[in-house]
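# Observations on the three-dimensional arrangement
These are the residues of each chain, in order.
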There are 2 protein chains.
Amino acid sequence: MLTLFHHPMLASSRFVRLVFAEYGEDLNLIEEKPWARRKEFLALNPAGTLPVLLAENEQPVVGATVIAEFVDETRGALKRERRLFAEDVFERAEIRRLVSWFLDKTENEVTRHLVRERVFKPFMPGSAGGGAPDPAAIRAARANVRVHMRYLNYLAGTRDWLAGPKLTCADLAAAAALSVLDYLGETDFTEAPAAREWYSRLKSRPSFRTLLADRVRGLAPAASYADLDF
Amino acid sequence: MLTLFHHPMLASSRFVRLVFAEYGEDLNLIEEKPWARRKEFLALNPAGTLPVLLAENEQPVVGATVIAEFVDETRGALKRERRLFAEDVFERAEIRRLVSWFLDKTENEVTRHLVRERVFKPFMPGSAGGGAPDPAAIRAARANVRVHMRYLNYLAGTRDWLAGPKLTCADLAAAAALSVLDYLGETDFTEAPAAREWYSRLKSRPSFRTLLADRVRGLAPAASYADLDF
């Protein structure tokens, strides 16, 4: 079984767990505090970022999109209909664009700030930037949630799955980001019915089960978090 | 000839130009102001980010790493010894890790701030965040330059090329970032002799020529910018 260094409140880590779960492969999960900069962990990834996969022969594979490409090259290409990338080069480019949208753009404009202020800061030492949440940062991130929900709703309303006719890494990246926001009660589907229908399909997949069981110390999930009929 | 929407002071755009130049393929370059959010450009890439490649049949391929994967899939695999990715999956993961290091991490900690404060702000309208440079942002970015130079020097000093025994996208990503800093006179090789030797090799390649001819309105390059013997 391969090992994944992760944190349950990071969309990038959840994305990798979903990719492996879709392929029916269990992971040995090791939780890493993103702010800790633990020496043994920095030896695996000098950037200190998560997730890091310890693949065959304990070789580290660093970063969510790098791991997704690695999994496609070593496993996905053999999965035929269940492959999480497309065969066509332009469809692959579209999948990668959307993975980056939800793991980089949504992360930088929304998710990262809400998680930092609401989940990490209370546990971070002052020297690492811990302390009281910053209401202005939370407000700015919440304003951006709506923009990202609208784009998700547009994609879900015009395509079967986010990148086209079948489930791909694009769906898993978006669902990973959304599930973090969902845990925090920061989603609002009122004006995004197509996104709701799409997320409901994702949430019902067996691959999603371990994510729905995630619990973070000191912060209970929103009431509808594990509800498939939200 | 394919079209690339780019900006000469963005490392991500320079990286894509280097990739195509290494394969001997000219591009039709269209300069896009990164802050302009031009309507026709947003139709190609709703994120509004650069670079965007208009590939065969005018199909947009969005983002530097997505374009690099596209180029590898459509061209690189046929280039044998001159391929900019490796064949081995772990070597490919290492190349991707380093591309992300220099185009994401270096960008977010160093390059983006210096370019924004020193190059973009004077031309940006106030509504888009233009105005006088922020000395604190410049100071913070300059402090980070040293960390990134040290890592580059470590890589260049322990491997033939940054990701291993041959030239890959990792070298082009690092050189793209470094060349932007070099234009701004923000590099210092005093404590990075291996990085200097490596960058000198990169700078001498034919693929680098158009980059060295780049000029930005209102800001002349540092004296040593186009000097191969810096």
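Our subject is the structure that appears above.
Remember, it's a predicted structure, so these values are computed and weren't measured experimentally.

### Digging into the sheet that holds strand β2 (residues 27-31) of chain A
Residues and elements named next belong to chain A. Judged by pairing direction, the sheet is mixed, and its four strands sit side by side in the order β2-β1-β3-β4 without closing on themselves. Strands with a single pairing partner mark the edges of an open sheet, and in this sheet they are β2 and β4 (60-62). Mean inter-strand twist for the sheet, computed between neighbouring axes without regard to direction, equals 20 degrees. Summarising the sheet, strand β1 (residues 2-6) and strand β3 (residues 52-54) pair through three bridges and their orientation is antiparallel. By the bridge assignment for β3, Thr3 is matched with Leu54.

### Digging into the pairing of strand β2 (residues 27-31) of chain B
Regular strands place side chains that alternate from one sheet face to the opposite one. Residue and element names in this part refer to chain B. Both strand β1 (residues 2-6) and β2 contribute to a ladder of five bridges, which runs parallel. What sits directly across from Thr3, in β2, is Asn28. Note on the crossover from β1 through helix α1 (residues 11-22) to β2: the handedness is right-handed.

### Considering the sheet that holds strand β3 (residues 52-54) of chain B
Sheets are built from strands paired through backbone hydrogen bonds, the pairs being either parallel or antiparallel. Residue and element names in this part refer to chain B. Strands sit in the order β2-β1-β3-β4 across an open sheet of four strands; the sheet is mixed. Of all the strands in the sheet, the pair left with one neighbour each is β2 and β4 (60-62). Put simply, the sheet's adjacent strands are angled 20 degrees from each other on average, direction ignored. Both β3 and β4 contribute to a ladder of three bridges, which runs antiparallel.

### Notes on the interface of chain B and chain A
With 21 residues of chain B at the contact, the number on the chain A side is 21 residues. Between chain B and chain A, the buried area comes to about 1,900 Å², and carbon and sulfur atoms account for 71% of it. Broken down residue by residue, the surface that chain B buries against chain A is led by B:Glu73, B:Phe90 and B:Arg96, which jointly contribute 29%. Between chain B and chain A we count six salt bridges in total. Of the charged contacts, one joins A:Arg96 and B:Glu69 as a salt bridge, the two residues approaching to 3.9 Å between their closest N and O atoms. Taken together, chain B and chain A are joined by four residue pairs in polar contact (both at pLDDT 80 or more). Breaking the side of chain B that touches chain A down by element, the ones donating at least two residues are β4, α3 (64-74) and α4 (89-120) of chain B. Here the side of chain B that touches chain A gets eight residues from one element, more than from any other, and that element is α4(B). Residue classes in the side of chain B that touches chain A are distributed as twelve nonpolar, two polar and seven charged.

Reading guide: rules and limits
- In this convention, every chain numbers its residues from 1, walking through the sequence in written order.
- As a convention, the first chain written is A and the first ligand written is 1, with the rest following in written order.
- Note on the predicted model: pLDDT of at least 70 is required for a residue's local features to be given, and 80 or more for side-chain atom pairs to be given and counted; whole-chain, interface and lining totals, by contrast, use all residues.
- Computation of side-chain values: all heavy atoms of the structure, hydrogens and water removed.
- What makes two strands pair is DSSP finding at least two bridges between them.
- To qualify as a helix, a DSSP run of H or I must reach at least 4 residues; to qualify as a strand, a run of E must reach at least 2; elements of each kind are numbered from the N terminus.
- Every axis in this analysis is a line fitted to C-alpha atoms, fitted for helices over the stretch in contact. Angles between the N-to-C directions lie between 0 and 180 degrees.
- If the strands point away from the viewer and the path from the first strand over the helix to the second runs clockwise, then the crossover is right-handed.
- Contact criterion: two residues are considered in contact whenever any of their non-hydrogen atoms come within 4.5 Å of each other.
- Computed with a 1.4 Å rolling probe, the buried area is the accessible surface lost when two parts are put together, summed over both parts.
- Note on definitions: salt bridges are taken to be side-chain nitrogens of Lys or Arg within 4 Å of carboxyl oxygens of Asp or Glu.
- Contacts described as polar in this section are N or O atom pairs within 3.5 Å, which, within protein, must combine one atom able to donate a hydrogen with one able to accept it, while residues neighboring in sequence count only if both atoms come from side chains.
- In this classification, the charged set is Asp, Glu, Lys and Arg, the nonpolar set is Ala, Val, Leu, Ile, Met, Phe, Trp, Tyr, Cys and Pro, and all remaining amino acids, among them Gly, are polar.

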